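# Report on the structure
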Amino acid sequence: MRKQPLLEVQDLKMYFPLRRGFFGGKISYVKAVDGVSFSIEKGETLGIVGESGCGKTTVGFTILKLYKPTGGKIIYDGIETHKLSAAEMFPFRKRMQMIFQDPYSSLNPRMTVGDIIMEPMIIHNLFGSAKGRVVYARELLQKVGLKQEHFDRYPHEFSGGQRQRVGIARALAMGPEFIVCDEPISALDVSIQAQVVNILENLQKELGLTYLFISHDLTMVRHISHKVGVMYLGNLVEYADTDELYENLQHPYTKALLSSVPVIEDAFTPKADLVALQGDVPSPINPPDGCVFSTRCPRAYEECSVSRPQLKDIGGGHLVACHLITR
Ligand code: SF4
C-alpha cells in the first residue's frame, strides 16, 4: 500500500522579477524553478541533485515559504500551504525546519551554543520555563554528538563539523517532522561529511523525520536518499527510487553528471554510456526553447529545440523528461 505523502509539490514555479534599465522598462524573469512536481512520504528522504544554479536551493526555500511561489501548489500534510499568509504559516514553522549550507555564517557569533538552540523555543514559547528549555537543549546536544560542556561556548570555538551539529540541534529544537537539508555537508571537510550524514540518518530513524536533501554530491545523495530527483535549469529532468535511478539512469544530463564522479562511474554505470558535461548552464533569464538541456546535450536532434519534453513514467515510477527516451 502506498504511504501517505507528507509533502506534495505540484508544478511549482519561482520566478524572480528583473527590471531592465535605469528607468525600469520591460520586466524579465529569472526562472529559478519552472514547473517542478514531486512528493515525499513520511519518514523518507528525497535527494535533489544538480549543478550550482539549477534551482534546487530555491525549491527548498519556496517549500518553507521563505519565498512566495509564483505558481503551483505546496501541500503539506494535506494543507495547501502555498495559500497561507505569514501568520497562518506560523504553526508550520515548528513542523518544517532547515539546516543551512554554511555552518560558519548561519550561527550568531555573539550567542552561546545553548542560547542558539533555545532561541527558536523562546520564539514559539515552548516548554513554558527556561529550565525546561535548558534541559531539552542539553538533550539535543547529546543527540547530535556534542558534549554538555559545549552548551556555554561560542561558535568560533568549534570546528566546521561541530558547528553543523549545532545547526542540526537548532533545527530540531522545535520538534519538526520535516527538514530541508540545504547542502549540509558541502562546506565541510570530506573526512567529517560522512559523520554528519550518519547523524542525520540516525535522527531520521529515531524521530521519524522526513528530509529534502539538497546536494551536488551524487555519492552522498545515493547513500541517504530513498528517492532522487535530478534538476537542470529549474526543471526536474529525472526522478526515481534511488537504486532504480543509479542502476538504470536514462537522461543524458544525469549520465553527464555521473560521468564526473569516477567512483560511481566504475561501480554503477557502463563507461561507454557516460558522456562528459560540456559548456556552461544557459541563463535562467532566457532558457532555451524546447528541452532546457538542448544546448549542451550530445544527443540533441531537431525536435529538442522546438518542444519541451514532459516528465513521463518509463515504468515503476521512474520519470524521465527526454524525447529520445519517451517518444
Ligand atoms: Fe537531449 Fe533532446 Fe533528450 Fe533534451 S530531449 S535531453 S536535448 S535528447
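This text follows the structure it describes.
Residues numbered from 1 in each chain as written. Predicted model: local features only at pLDDT ≥ 70, side-chain atom pairs only at ≥ 80, totals over all residues. Heavy atoms only, no water.

The next subject is the overall build of the chain. Helices and strands together make up the secondary structure of the chain, namely 11 helices and 12 strands. A compact globule built from 327 residues should have a C-alpha radius of gyration of about 20 Å, and the chain, at 21 Å, falls within 12% of that. In terms of its C-alpha atoms, the chain occupies a principal-axis envelope of roughly 65 × 55 × 45 Å. Scored against the burial criterion, the 327 residues of the chain give a buried share of 52%. Excluding contacts between residues fewer than 6 apart, the proportion of contacts in the chain whose partners are at least 24 apart in sequence is 63%. If you sum the accessible surface of the chain, you get close to 15400 Å²; carbon and sulfur atoms cover 52% of it. Averaged over its 36 positive side-chain charges, the chain has a centre that lies 6 Å from the centre of its 36 negative ones. (Helix = DSSP H or I, 4+ residues; strand = E, 2+ residues; numbered from the N terminus. Rg over C-alpha atoms; globule rule 2.2 N^0.38 Å. Buried < 20%, exposed > 50% of the residue type's maximum accessible area, 1.4 Å probe, protein only. Contact = heavy atoms within 4.5 Å. Areas by Shrake-Rupley, 256 points an atom, 1.4 Å probe, with all protein chains shown as cover. Lys, Arg positive; Asp, Glu negative; His and termini not counted. Charge placed at Lys NZ, Arg CZ, Asp CG, Glu CD.)

This part is about the sheet that holds strand β4 (residues 71–76). With respect to topology, 4 strands assemble into an open sheet ordered β2-β1-β4-β5, the strand pairing being antiparallel. The sheet is open, and its two borders are formed by β2 (27–41) and β5 (79–80), each paired with just one other strand. Bridge count for strand β1 (residues 5–19) against β4 is 5 bridges, and the pairing is antiparallel. Note that in β4 the partner of E8 across the bridge is I75. (Pairing = 2+ DSSP bridges.)

For any pair of aromatic rings, geometry is given as the distance between the ring centres together with the angle between the planes. For the structure shown, the criterion picks out 9 aromatic pairs. Ring centres of F16 and Y67 lie 5.1 Å apart, and the angle between their planes is 80°; this geometry places the pair in the edge-to-face category. Here F16 is found in strand β1, whereas its partner Y67 is found in the loop between α1 (56–63) and β4, with 51 residues between them in sequence. Its relative accessible area of 26% is what places F16 among the partly exposed residues. Seen in terms of ring centroids, Y76 and F92 are 6.1 Å apart; in terms of plane orientation they differ by 85°. Their pairing is edge-to-face. Placement of the pair is Y76 in strand β4 and F92 in helix α2 (residues 86–95), with a sequence separation of 16 residues. Comparing Y76 with F92 shows no difference in burial state: the two are buried. Taken together, the ring pairs connect F16, F61 and Y67 into an aromatic cluster. If you follow R138 out to its NZ or CZ, it ends over the ring of F151, 4.2 Å from the centre. (Phe/Tyr/Trp six-rings, centres within 6.5 Å; stacked < 30°, edge-to-face > 60°. Lys NZ or Arg CZ within 6 Å of the ring centre and 35° of its normal.)

Across the sheet, 8 strands lie side by side as β6-β7-β8-β3-β9-β10-β12-β11; this open sheet has mixed pairing. Two strands in the sheet have a free side with no partner beyond their single neighbour: β6 (96–99) and β11 (312–313). In the sheet, strand β10 (residues 235–241) pairs with strand β12 (residues 319–320) via 2 bridges, with the strands oriented antiparallel. The residue bridging E238 from the neighbouring strand is V320, located in β12. Contacts between helix α6 (residues 190–207) and the sheet are confined to β3 (45–49), β6, β7 (178–182) and β8 (210–215), with β8 contributing the most and set at about 160° to the helix. Those strands touched by helix α9 (residues 252–259) are β9 (227–232) and β10, and its axis lies near 100° from that of β9. (Axes fitted to C-alpha atoms, helices over the stretch in contact; angles between N-to-C directions.)

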